Amino acid sequence: MRKRSGIISIPLSIIASIALLLAYYGYSPAVSRPALNGEFRSDTIEIDDIQRSYSFYLPNNLPDQPALVFMLHGSLQSIDDISGYTAYQFEQLADQHKFILVYPAGYKNNWNDCRKTANYPARTENIDDIKFIKTLMSHFEHRFGSNSTKSFMAGFSNGGHLGFRFALENPNDIGGIAAISANLPSASNLDCFDKGVAVPVLVMNGTDDPINPYHGGRVTLFGFGDRGDVLSSIASAEHFARTAGYHGAPSETKYFLNSQHNDPTATKYIAWRDNQHAEIMLYTVTGGGHTIPQPYFRFPRILGATSKEINGPAEIWAFFHRQMN
């Protein structure tokens, strides 16, 4: 490295190496939108004098009182990001099972979740994301006949944390939640009121997640943007299991057979499940990163391995569907 006239000169070989590293770890191949039978729409709604955006997918031939599924993006993501990152699996599931799929957009690409330490705009400005979601629930019920008892919420990362907030503070207004790459905040980092009412909860986390530590601890974006401490994944699931009334070990464990080529991960779930209490599940993706398991899209390598062993969106919909029976 040489200094000329006060300007630092960086060899082209170093620049090229940095570019290659960024391309290798930051790139992920795009997924083409599949042929769908329904209609994808976008709209806005005013919440507390703020225009909030959302998109939704309406399959053809909706039944009376269809289920309503919200899919929430992660921190700094958009609606387009999360629909692509799930390889449009939720749209295809909506076509197959005839539910309405809604993609709300976070305030400045974030959600106001329960983590006290987080300092992104949705939290610092105390944006009422719960009101946003509940208003959309009413909107879809009045406009399209969706059944309020069949409303569900899935979320990735920051979106999963908003799902936790809904489950803790508004358990009677949701049929179930699924949180991906998210753990409950620790007691010192919890800024929500837990009503202690049971709600079906699914947690899906990778053991090698570089952002949300599977075994608990500090959440940062690669050393930046401190989100505070979270519980472990098992402690998060056990919290909801205790709230649901379970007093022992999970009743079921299932290991998935990995038949995918070049997939270093292994997946299992544990479940608290009977006929009297809310269903609670924890999917553990050993070797998995800050990603959504499915075989159709590879997340950027910087986020860790994407498991191809299970189809996460399909597992989540199956969980939601069981809550309606």
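The structure we're discussing is the one just above.
On a predicted model such as this, the values are computed, not experimentally measured, just so you know.

Parameters at a glance
Residues numbered from 1 in each chain as written. Predicted model: local features only at pLDDT ≥ 70, side-chain atom pairs only at ≥ 80, totals over all residues. Heavy atoms only, no water. Helix = DSSP H or I, 4+ residues; strand = E, 2+ residues; numbered from the N terminus. Rg over C-alpha atoms; globule rule 2.2 N^0.38 Å. Buried < 20%, exposed > 50% of the residue type's maximum accessible area, 1.4 Å probe, protein only. Contact = heavy atoms within 4.5 Å. Areas by Shrake-Rupley, 256 points an atom, 1.4 Å probe, with all protein chains shown as cover. Lys, Arg positive; Asp, Glu negative; His and termini not counted. Charge placed at Lys NZ, Arg CZ, Asp CG, Glu CD. Pairing = 2+ DSSP bridges. Axes fitted to C-alpha atoms, helices over the stretch in contact; angles between N-to-C directions. Salt bridge = Lys/Arg side-chain N within 4 Å of Asp/Glu carboxyl O. Parallel < 35°, antiparallel > 145°, perpendicular 65-115°, else oblique. Nonpolar A, V, L, I, M, F, W, Y, C, P; charged D, E, K, R; others polar. Left-handed = near helix turned anticlockwise from the far one by under 90°.

Undergrad: Which parts of the structure should I look at to understand the overall build of the chain?
TA: Scanning the chain from N- to C-terminus turns up 8 helices and 14 strands. Whereas a compact globule of 325 residues would reach a radius of gyration of roughly 20 Å, the chain reaches 20 Å, a difference of no more than 12%. Across its three principal axes, the chain shows a C-alpha extent of roughly 70 × 45 × 40 Å. Out of the 325 residues in the chain, the part that is buried amounts to 51%. Sequence separation of at least 24 residues holds for 66% of the intrachain contacts in the chain that already meet a minimum separation of 6. On the chain, roughly 14700 Å² of surface is accessible, and the fraction owed to carbon and sulfur atoms is 51%. When the 27 positive and 30 negative side-chain charges of the chain are each reduced to one mean point, those points stand 7 Å apart.

Undergrad: What exactly am I supposed to notice about the sheet that holds strand β4 (residues 50-58) here?
TA: Within a beta sheet, neighbouring strands are joined by backbone hydrogen bonds and run either parallel or antiparallel to one another. In space, the 10 strands of this open sheet follow the order β3-β4-β6-β5-β7-β8-β9-β14-β13-β12, with mixed pairing throughout. In this open sheet, the two strands that pair with only one neighbour each are β3 (39-47) and β12 (252-255). Across this sheet, the average inter-strand angle for adjacent strands is 15°, counted without regard to direction. One ladder, built from 7 bridges, connects strand β13 (residues 266-272) with strand β14 (residues 280-286); its direction is antiparallel. Bridged to isoleucine 270 within β14 is leucine 282.

Undergrad: What should I look at first to understand the pattern of salt bridges in this one?
TA: With the rule as written, the count across this model stands at 13 salt bridges. Salt-bridge contacts for glutamate 279 lead to arginine 322; the nearest nitrogen and oxygen are separated by 2.8 Å. One end of the pair, glutamate 279, is in the loop between β13 and β14; the other, arginine 322, is in helix α8 (residues 312-322), with 43 residues separating them in the sequence. The buried category is assigned to glutamate 279, whose relative accessible area is 6%. Exposure remark for arginine 322: the relative accessible area of 34% places this residue in the partly exposed category. A cluster of three or more residues bridged by salt bridges with shared partners is formed by Glu252, Arg273, Glu279 and Arg322.

Undergrad: What should I look at first to understand the packing of helix α5 (residues 129-144) against helix α6 (residues 158-169) in this one?
TA: The geometry of a pair of packed helices is captured by two quantities: the angle between their axes and the separation between those axes. With their axes 11 Å apart at the nearest point, α5 and α6 run at an angle of 80° to one another. As the angle between them shows, α5 and α6 are arranged roughly perpendicular. Judged by residue contacts, Asp129, Ile130, Ile133, Lys134 and Met137 of α5 engage Leu162, Arg165 and Phe166 from α6. Within the contact of α5 with α6, the residues separate by chemical class into 5 nonpolar, no polar and 3 charged.

Undergrad: I would appreciate a short explanation of the environment of isoleucine 280 in the present structure.
TA: Checked against the element boundaries, isoleucine 280 lands in strand β14. With 127 residues separating them along the chain, isoleucine 280 and methionine 153 place their C-alpha atoms 15 Å apart. Not counting residues up to four positions away in its chain, the partners in contact with isoleucine 280 are Val199, Pro200, Val201, Ala237, Phe240, Ala241, Ala244, Tyr246, Ile270, Ala271 and Trp272.

Undergrad: Please clarify how the packing of helix α3 (residues 89-97) against α8 should be interpreted in this entry.
TA: Relative orientation of the contacting elements α3 and α8 amounts to 40°, with a least axis distance of 9 Å. Judged by the angle between their axes, α3 and α8 are oblique. The two elements α3 and α8 cross, and the hand of that crossing is right-handed. Residues Gln89, Phe90, Leu93 and His97 of α3 touch α8, and the partners they reach there are Pro313, Ala314, Ile316 and Trp317. Tallied by class, residues from the contact of α3 with α8 come to 6 nonpolar, 2 polar and no charged.

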